[in-house]
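Structural description and commentary
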Amino acid sequence: MSAAMDFRKAIFRRRRVFGISAAIALLAAVVPIAVFADDTTATSAAGVAADTVWVIVAACFVMFMQAGFAMLEVGFSRMKNVGTVVAKVITNLSVSSIAYWGVGFGLAFGAGGAFAFIGGSGFFPTFSPGSAMNLPAIAGSTAPAAAKWFFEFVFCAVSLAIVWGTMLERTKFIVYILFGVPFAAFIYPLISHQLFGGGYLMATLGSQDFAGSTVVHLTGATAGLAGLLLLGARIGKYEKGRSNAIPGHNMPLAQLGVLILWFGWFGFNPGSTLNATNLHFADVVVVTNLAAAGGAVAALITVYLITRTMDVGMIGNGAIAALVAITAPSGYVEPWAGIVIGAVAGVIVVVGVLALDKVLDDPVGALPAHGMAGIWGTLSCGLFTTPALAKFNGVGQGGLFYTGSFHQLGAQAIAVGASFVTVFVLSYGLFWIIKKTVGLRVSPAEEMEGLDISEHGMWGYPESFMPVPGGVYRPADTPTVNPHPNHEPVPAKHKEVSHA
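Residues numbered from 1 in each chain as written. Predicted model: local features only at pLDDT ≥ 70, side-chain atom pairs only at ≥ 80, totals over all residues. Heavy atoms only, no water.

1. Remarks on the overall build of the chain
- Counting secondary structure elements, the chain contains 19 helices and two strands.
- Counting across all 500 residues of the chain, residues that qualify as buried make up 48%.
- The contacts in the chain between residues at least 6 apart in sequence include a share of 76% that link residues at least 24 apart.
- As displayed, the chain has an accessible area near 22,400 Å², and 70% of this comes from carbon and sulfur atoms. (Helix = DSSP H or I, 4+ residues; strand = E, 2+ residues; numbered from the N terminus. Buried < 20%, exposed > 50% of the residue type's maximum accessible area, 1.4 Å probe, protein only. Contact = heavy atoms within 4.5 Å. Areas by Shrake-Rupley, 256 points an atom, 1.4 Å probe, with all protein chains shown as cover.)

2. Observations regarding the pattern of salt bridges
- Summed over the entire model, instances satisfying the criterion amount to seven salt bridges.
- Across the salt bridge formed by R78 and E169, the nearest N and O atoms sit 3.2 Å from each other. Remark: E169 occurs in the loop between helix 5 (145-163) and helix 6 (173-195) and R78 occurs in the loop between helix 3 (40-76) and helix 4 (82-109); sequence separation between them is 91 residues.
- A salt bridge links R170 to D361; its shortest N-O distance comes to 3.8 Å. On the criterion of sequence distance, the pair formed by R170 in the loop between helix 5 and helix 6 and D361 in the loop between helix 12 (335-356) and helix 13 (366-384) is long-range, its members being 191 residues apart. Accessibility assignment for this pair places R170 and D361 in one class, buried.
- Taken together, the shared-partner salt bridges connect R78, E169, R170, R234 and D361 into one network. (Salt bridge = Lys/Arg side-chain N within 4 Å of Asp/Glu carboxyl O.)

3. Quick notes on the packing of aromatic side chains
- Applying the stated rule across the entire model yields 26 aromatic pairs.
- Taking 5.1 Å as the distance between ring centres and 80° as the angle between the ring planes, the aromatic pair formed by F384 and F401 counts as edge-to-face. With F384 in helix 13 and F401 in helix 15 (residues 400-403), this pair connects stretches of sequence that are 17 residues apart.
- Grouped by ring-pair contacts, the aromatic residues W164, F173, Y176, F179, F183, Y188 and F431 constitute a single cluster.
- Residue placement shows K237 over the ring face of Y238; its charged tip is 6.0 Å from the ring centre. (Phe/Tyr/Trp six-rings, centres within 6.5 Å; stacked < 30°, edge-to-face > 60°. Lys NZ or Arg CZ within 6 Å of the ring centre and 35° of its normal.)

4. Observations regarding the packing of helix 9 (residues 251-268) against helix 10 (residues 280-307)
- Viewed as axis vectors pointing N to C, helix 9 and helix 10 meet at an angle of 150°, and their least axial separation amounts to 9 Å. The orientation of helix 9 relative to helix 10 falls into the category roughly antiparallel. Once helix 9 is placed against helix 10, the crossing between them reads as right-handed. The residues of helix 10 that touch helix 9, namely those facing W262, W265 and F266, are V285, T288, N289, A292 and A293.
- Its residues placed into classes, the contact of helix 9 with helix 10 shows six nonpolar, two polar and no charged. (Axes fitted to C-alpha atoms, helices over the stretch in contact; angles between N-to-C directions. Parallel < 35°, antiparallel > 145°, perpendicular 65-115°, else oblique. Left-handed = near helix turned anticlockwise from the far one by under 90°. Nonpolar A, V, L, I, M, F, W, Y, C, P; charged D, E, K, R; others polar.)

5. With respect to the packing of helix 12 against helix 13
- Where helix 12 contacts helix 13, the two axes come as close as 9 Å, and the packing angle between them is 145°. The way helix 12 lies across helix 13 gives a crossing that is right-handed. Between helix 12 and helix 13, the contacting residues are W336, A337, V340, I341, V344, A345, I348, V349, G352, V353 and L356 on the first element and L367, P368, A369, M372, A373, W376, S380 and F384 on the second.

6. Overview of the nonpolar core
- Counting 109 residues, the largest nonpolar core has Y100, F155, W164, F179, Y188, F268 and F431 as its most contacted members.
- The element best represented in this core is helix 5, accounting for 14 residues. (Core = buried A, V, L, I, M, F, W, Y, C linked by side-chain atoms within 4.5 Å.)

7. A closer look at helix 13
- With 19 residues, helix 13 should reach 27 Å at 1.5 Å per residue; the first-to-last C-alpha distance of 25 Å fits that figure.
- At G374, helix 13 is bent by approximately 30°, the largest bend along its length. (Expected span 1.5 Å × (residues − 1). Bend = angle between axes of the 7 residues up to and from the residue.)

8. Observations regarding the environment of Q408
- Within the secondary structure, Q408 sits in helix 16 (residues 407-437).
- Each C-alpha atom of the pair Q408 and F384 lies 9.9 Å from the other, and the pair is 24 residues apart in sequence.
- With residues near it in sequence (within four places) discarded, Q408 still touches G206, S207, Q208, C381, G382, G396, Q397 and G398.

9. Digging into the confidence of the model for the chain
- Per-residue confidence for the chain averages 89 on the pLDDT scale, and 85% of its residues sit at or above 70.
- Residue range residues 478-484 is modelled with pLDDT below 50. Its contacts to residues more than four positions away, or to other chains, number six contacts. (pLDDT = per-residue confidence, 0-100.)

10. Re a nonpolar patch on the surface
- Residues V297, I301, Y304, L305, I306, M310, V347, V351 and L354 make up a contiguous nonpolar surface patch of about 800 Å² in total accessible area.
- Put simply, the parts of the chain that give the nonpolar patch at least two residues each are helix 10 and helix 12.
- The element that contributes the greatest number of residues to the nonpolar patch is helix 10, accounting for five residues.
- As for its position among the elements, I306 is in helix 10.
- On the basis of relative accessibility, which here comes to 47%, the residue I306 falls in the partly exposed class. (Patch = residues over 30% accessible without salt bridge, like charges linked within 9 Å, V, L, I, M, F, W, Y side chains within 5 Å.)

11. Focus on the environment of P329
- Locating P329 in the fold gives a position in the loop between helix 11 (312-327) and helix 12.
- By relative accessible area, which is 0% here, P329 ends up buried.
- With residues near it in sequence (within four places) discarded, P329 still touches S213, I341, G377, S380 and C381.

12. Considering the side chain of T385
- Here T385 shows up in the loop between helix 13 and helix 14 (387-393).
- Among the residues examined, T385 registers a relative accessible area of 0% and is labelled buried.
- A polar contact of 2.8 Å, which involves the side chain of T385, links it to the backbone oxygen of C381. (Polar contact = N/O pair within 3.5 Å; in protein donor to acceptor, adjacent residues only side chain to side chain.)

13. Considering unusual backbone geometry
- Phi at E169 takes a positive value of approximately 75°, unusual for a residue other than glycine.
- Residue class for E169 comes out buried when judged on its relative accessible area of 4%.
- Unusually for a residue other than glycine, R308 sits at a positive phi of about 60°.

14. Focus: helix 8 (residues 213-231)
- Across its 19 residues, helix 8 extends 25 Å between first and last C-alpha, which sits within 8% of the 27 Å expected from 1.5 Å per residue.
- The principal kink in helix 8, of about 25°, is found at T219.
- Positive backbone phi, at 90°, marks G232, one or two positions downstream of helix 8.

In structure tokens, the structure reads:
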């Protein structure tokens, strides 16, 4: 008890010292807050960091879409061709990386040159921490040049991946490289500069393409159409005036690809803000997801009304087509419009696949899903863009339903037409040269055997085509196989029946 009394007395005698110490501590805590509140450098650094992290994370989402394309194409391919799909995806990602770094990025976004038509600087760029480049169209983002390069590159890689959906199961592997390099270095950057990089269509005409319905998807589909026309259909697709179904081998894998692509689109569209601090990317997430949902439901209803079946592949294609369509208007429209745009795309892809399959052999439906839906999505900006978001993004004006003016719709139509003609002419010419030199197509024997073994010397599913050590062998005279060692021999009369 006495010890407690002595402690309280000691505290009381030193109350002045403790009071001064508390005042100093409070001052020390408050002063930095006041100083940093006025320190724009610290605030700016935080904003730059936020923008940079968001741009890189969004770019990684988009890069993961390569896995989605791989699974989608593997699922819609036959077992004998699955290995070449994966090899193609990895090879194209690699060659386009180098081509876009060396030439493509500078043509798409670099200042100088005949800027209304093509960029003119930033070739073979080097980067250091926080380094900047003269990139007029994306200068509003505080992310460093390296982050912007990576984000724009993965868009190019997606566009190149779209090209090959129309040409599966009969294309020589060397074609992917011979076309992929000039596509990433020149063809894609031409369109990207016009609608992403500050070219004439974007800066002067006011054509809107927030994340690439035309730049990425229509460009890829148009190049694929050019190649398909020169390549021809797969063996057995068209016989006696009718179109034969050539089903893919694994629908769960194909739909896994759809879900991966849906996930990746949350980097594709929202990441195109190139900005985290203005918070607009959150709005774009919602619009994107609602559009995809609308497309899947609309495709389900449409295919059922036409075929009386709920086709699994069509439902997935409905989601993909809707995501393609909402890519251009995702930063310009309200959520209700996103649902409408997605639903229309879901109808387009079902009708488009059923119609085109009668004349063109497009194994994954790339032309309707990326081409037709890409056109619809770009045009939809001219209908549904809200004036406030057009002003916020600094490109074009409101759509017809808000302004009563056809100006924006006209700008969108010009962008679609100019992009299609440019890409088709260049791609057709390049594919024609490849066809006349090294050839586009494998031999009939190689196509029948499968590209996995004829092009790569191995099967994607080896146990389906050859005896594998440790597996079960199937002798010619044994109609069934019992893997257990104590199995009874097949009766002779059964053997005779099986040989009859």
